[in-house]
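Descriptive structure summary
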Amino acid sequence: MRILDYPGFPNPLRVRIALAEKGLSSQVEFVTIDLPAAEHKQPPFLAINPEGTIPVLQLDDGTYISECTAITEYLDNLAGKPSLTGVTPKEKAVIHMMQKRAEREVLYAVGIYFHYGTPGAGPAVEAYKLPQWEGRTQWGAFERQRAIAGMHYFDRILSNQPYVAGDQFSMADITLFAGLYFAAFAKIDIPDECQAVKAWHAKVSERPSVKNPA
Ligand SMILES: N[C@@H](CCC(=O)N[C@@H](CS)C(=O)NCC(=O)O)C(=O)O
């Protein structure tokens, strides 16, 4: 298996944590896509993933799988415990739902703020984003507030349960962790009053897969 990514970016981190959780780190080869130079927006990469984003998993038969959730699901089904995407129908549905909330309300909200409220990933990448327009900064600011509201939402959830989707660490925790990692990079602090998120963050930061991702 090969992973096409760029180390240190939040979405690649999601898959690298999943690989470490599943004990699969040694089974993948990493191929660096030069994101700051916008290699992911050029035709050869767009033929692999039309969204023009990383990471992408390439299987040994040549199949390309994009989307962190799809990649994580594939890896989860390859190896045994711990399950990251759930076993029972109810677990699978709850993890899917909470993952999506962490993705949209924190990780993607931070991403939009990063691209439209800050200089973003540099001129080569930002040339492929929406051009200058009046609402650009407002949209960034709106999504920054959305990310902070998302943190408050997860604070309420984590006040009542140890992990984002219930009693077990799952793909939903990985997504929220990546969202907070991106938030720290974009200088959006976890609000002081979000003590449950802070405690969860400290606990998850101690996991071997998070301390030492693939
Ligand atoms: N929906 C994608 C999102 C991946 C994504 O946004 N990756 C970022 C890197 S952290 C990226 O490639 N950004 C490139 C860009 O926005 O131009 C997934 O889940 O894999």
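Residues numbered from 1 in each chain as written. Predicted model: local features only at pLDDT ≥ 70, side-chain atom pairs only at ≥ 80, totals over all residues. Heavy atoms only, no water.

1. Some points on the site of the ligand
- Taken together, 17 residues lie near the ligand, and His40, Ile54, Glu67, Tyr108 and Lys129 sit nearest.
- Measuring from a nitrogen atom of the ligand, one finds a backbone N or O atom of Ile54 at 2.8 Å.
- Compared with its free state, where it exposes 510 Å², the ligand has 91% of that area covered by protein.
- Within the residue set of the shell around the ligand, elements represented by two or more residues are helix 1 (10-21) and helix 4 (89-117). (Near = heavy atom within 4 Å. Polar contact = N/O pair within 3.5 Å; in protein donor to acceptor, adjacent residues only side chain to side chain. Areas by Shrake-Rupley, 256 points an atom, 1.4 Å probe, with all protein chains shown as cover. Helix = DSSP H or I, 4+ residues; strand = E, 2+ residues; numbered from the N terminus.)

2. Focus on the pairing of strand 1 (residues 2-5)
- Bridge count between strand 1 and strand 2 (residues 29-32): four bridges; the pairing is parallel. For Arg2, the partnering residue across the bridge sits in strand 2 and is Glu29.
- Tracing the backbone out of strand 1, into helix 1 and back to the parallel element strand 2 gives a crossover that is right-handed.
- For strand 1 and strand 3 (residues 56-58), the ladder comprises three bridges, and the chain directions are antiparallel. Bridge pairing links Leu4 to Val56 in strand 3. (Pairing = 2+ DSSP bridges. Right-handed = clockwise from strand over helix to strand, strands pointing away.)

3. What to know about the side chain of Thr175
- In this fold, Thr175 is placed in helix 7 (residues 171-185).
- Residue classification places Thr175 among the buried residues on the basis of a relative accessible area of 1%.
- Leaving out residues up to four positions away in the same chain, Thr175 has contacts with Arg14, Gln99, Ala102, Glu103 and Leu107. (Buried < 20%, exposed > 50% of the residue type's maximum accessible area, 1.4 Å probe, protein only. Contact = heavy atoms within 4.5 Å.)

4. Some thoughts on the packing of aromatic side chains
- If you walk through the whole model with that rule in mind, you get six aromatic pairs.
- Ring geometry for Tyr6 and Phe9: centres 5.4 Å apart, planes at 85°, overall edge-to-face.
- Looking at Tyr6, the relative accessible area reads 23%, which means it is partly exposed.
- Measuring from ring centre to ring centre gives 4.9 Å for Tyr116 and Trp139, while their planes differ by 35°; the resulting arrangement is tilted. One end of the pair, Tyr116, is in helix 4; the other, Trp139, is in helix 6 (residues 136-158), and 23 residues separate them in sequence.
- Look at Tyr116 and you get buried, because its relative accessible area is 11%.
- Residue Trp139 is classed as partly exposed on the basis of its relative accessible area of 28%.
- Among the aromatic side chains, those forming a connected cluster through ring pairs are Phe114, Phe182 and Phe185. (Phe/Tyr/Trp six-rings, centres within 6.5 Å; stacked < 30°, edge-to-face > 60°.)

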